[in-house]
Each structure stands twice: as C-alpha cells, then as structure tokens.
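Listed here are the chains, written in short residue letters.
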Amino acid sequence: TTYNVGYIIGSLAKNSINRKLAKALIQVAPEKLKFHEIPIRDLPLYSYDYDADFPAVAKDFKAGIKGSDAVLIVTPEYNRSVPGGLKNAIDWASRPYGHNVFANKPTAVIGTSPGAIGTAVGQQALRPILGFLNAPQMNAVEAYIQFKPDLIGDDGAVSSPETEAFLRKYMESFHAFIAHVLTVLPRDA
Ligand code: FNR
C-alpha cells in the first residue's frame, strides 16, 4: 500500500533548517510514502469568530490534513515551545468543535536546531497538544537533530552518513507506524 503523507513545516523562514530537514527525510523515506506539503503560512490568526464561515485558506488547510493518510510535523523550537505559527495552524485544524481533523490521524514529530538540545523541548511541548486532539503519535524513534552548517544541502542531501542512516531508520519506523495505525483505525471509519 502507498500512503500519502502531508508534512507541515513549523517555520516560516525562507532559509529554514527544518525545511531542509524535511527535504532530507523525503529523500530517504521508503518509496511507499508519497509526500505533499500542507502550508501554514497564509492562515490568519485563529478566532472562533471564524467558526461559522472558515476562510478558503483554512478550509484548504484542513482538507490537506483530512486527505492525508498521515501527518509529519517538522518543526523548530521557539522559546522552548512550539512556534506560534504552528500552534495557530493546529488550532485551526481543531475547530469548529467536533470537526478536529487530527483525530485518529497518525502523526510523527521531528525537528532540528543549531543547539545541542535539537528541538527536544519544543517537540515535548507539541506532543500533549496532539495527544489532546487524539492524534496517534509515533513514540519511537525520537529524533532531535542538531544542525551543523552543511549537514543538509538545499537539495536535501545529508553530508553525514550516520545522520542519513538515522533519518532513514526514522522514516522506516514512521512507515511501519502508519501501516499499523491504519489497520486499527481505517481512514474513513
Ligand atoms: C529560536 N531558536 C531556538 N533554538 C532552540 O534550540 N531553542 C529555543 O527555544 C529557541 N528559541 C527561538 C525563538 C525564536 C523566536 C527564534 C527565531 C529562534 C533558534 C532556532 O533554533 C534557529 O533560529 C533555527 O534556525 C530555527 O529553525 P528554522 O526556522 O530555521 O527551521
């Protein structure tokens, strides 16, 4: 079976190192995983005033998640937590009440930062949010990638064989996790 994976980049920066990491992950992923980005950049700041009539950009964003077999979140850590833009996007995905598109959606979280902690704290802040939204999460492999200059090229090529092998293992685990979750919770159930 082929799975269609939507990925969300938690950074809006042009030269985002997390966007580079996403490219690397796509390159080493099993062939059965197909990827498309679910962009968050143009979402307005959420308010429940929108619940009666979501703007097209928010409808598209939610449809992107709903139409994916699984969602991969590749995100920096901002101030020891989730970047505001990403949290805003997740808030959109969760509303209106009763129309949370993360429910039963297989997810995985990964990130990179220049610091040694490699987004560990940011990822740990994201997990309870996904948990509250009832999204099954891959618990292991965990991946906290410390970004060194030239670790990942603009084309997604990884300069360190060890890191590349680790990212490959991460994506193989995600593939297995998606297959497992969708066996228990088929998508249109
Ligand atoms: C950061 N950075 C950062 N790094 C980290 O490891 N822990 C943190 O808490 C923070 N906090 C933080 C807040 C804000 C507002 C910014 C802009 C940056 C540094 C961060 O890891 C670095 O800028 C990365 O390049 C961010 O990833 P992207 O945006 O390049 O993918």
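Scroll up to find the structure this text is about.
Residues numbered from 1 in each chain as written. Predicted model: local features only at pLDDT ≥ 70, side-chain atom pairs only at ≥ 80, totals over all residues.

A. Representation of the pairing of strand β3 (residues 70-74). Summarising burial for β3: 5 of the 5 residues are buried, a large majority. Burial along β3 is two-sided: the face carrying Ala70, Leu72 and Val74 and the face carrying Val71 and Ile73 are both buried. For β3 and strand β4 (residues 107-113), the ladder comprises 4 bridges, and the chain directions are parallel. Looking at the pairing, Val71 lines up with Thr107 of β4. (Buried ≥ 20, exposed ≤ 12 C-beta atoms within 10 Å, placed from the backbone. Helix = DSSP H or I, 4+ residues; strand = E, 2+ residues; numbered from the N terminus. Pairing = 2+ DSSP bridges.)

B. How the structure looks around unusual backbone geometry. A cis amide bond links Arg95 with the next residue in sequence, Pro96, at an omega value of -5 degrees. You can see Pro96 is positioned in the loop between α3 (84-93) and β4. Of the consecutive residues Ala140 and Val141, the connecting peptide bond is found in the cis state with omega at 15 degrees. One can find Val141 in the loop between α4 (120-132) and β5 (144-146). Even without a glycine there, the phi angle at Asp150 is positive, about 75 degrees. Within the fold, Asp150 resides in the loop between β5 and α5 (161-184).

C. Examining the environment of Ala176 more closely. Within the secondary structure, Ala176 is located in helix α5. Sequence separation between Ala176 and Met138 is 38 residues, and the spatial gap between their C-alpha atoms is 9.7 Å.

D. Representation of the nonpolar core. Formed by 47 residues in total, the largest nonpolar core has its most connected members in Tyr7, Ile8, Leu21, Leu72, Val74, Ala89 and Phe174. Sorting the residues of this core by element identifies β1 (3-9), α1 (17-28), α2 (56-66), β3, α3, β4 and α5 as the ones contributing at least two each. Ranked by residues supplied to this core, first place goes to α5 with 7 residues. (Core = buried A, V, L, I, M, F, W, Y, C linked by C-beta atoms within 7 Å.)

E. Up close: the environment of Ala22. With respect to the element layout, Ala22 can be found in helix α1. Taking C-alpha positions, Ala22 is 11 Å from Val158, a pair spaced 136 residues apart along the chain.

F. Layout of the packing of α1 against α5. One can describe the packing of α1 onto α5 by two numbers: an axis separation of 9 Å at closest approach and a directional angle of 70 degrees. On the basis of their axis angle, the class for α1 and α5 is roughly perpendicular. Across the interface between the two elements, Ala24, Leu25 and Val28 of α1 pack against Glu164, Leu167, Arg168 and Met171 of α5. When grouped by side-chain class, the residues that make up the contact of α1 with α5 number 5 nonpolar, no polar and 2 charged. (Axes fitted to C-alpha atoms, helices over the stretch in contact; angles between N-to-C directions. Parallel < 35°, antiparallel > 145°, perpendicular 65-115°, else oblique. Contact = placed C-beta atoms within 7 Å. Nonpolar A, V, L, I, M, F, W, Y, C, P; charged D, E, K, R; others polar.)

Shape is all these values report; function is a separate question.
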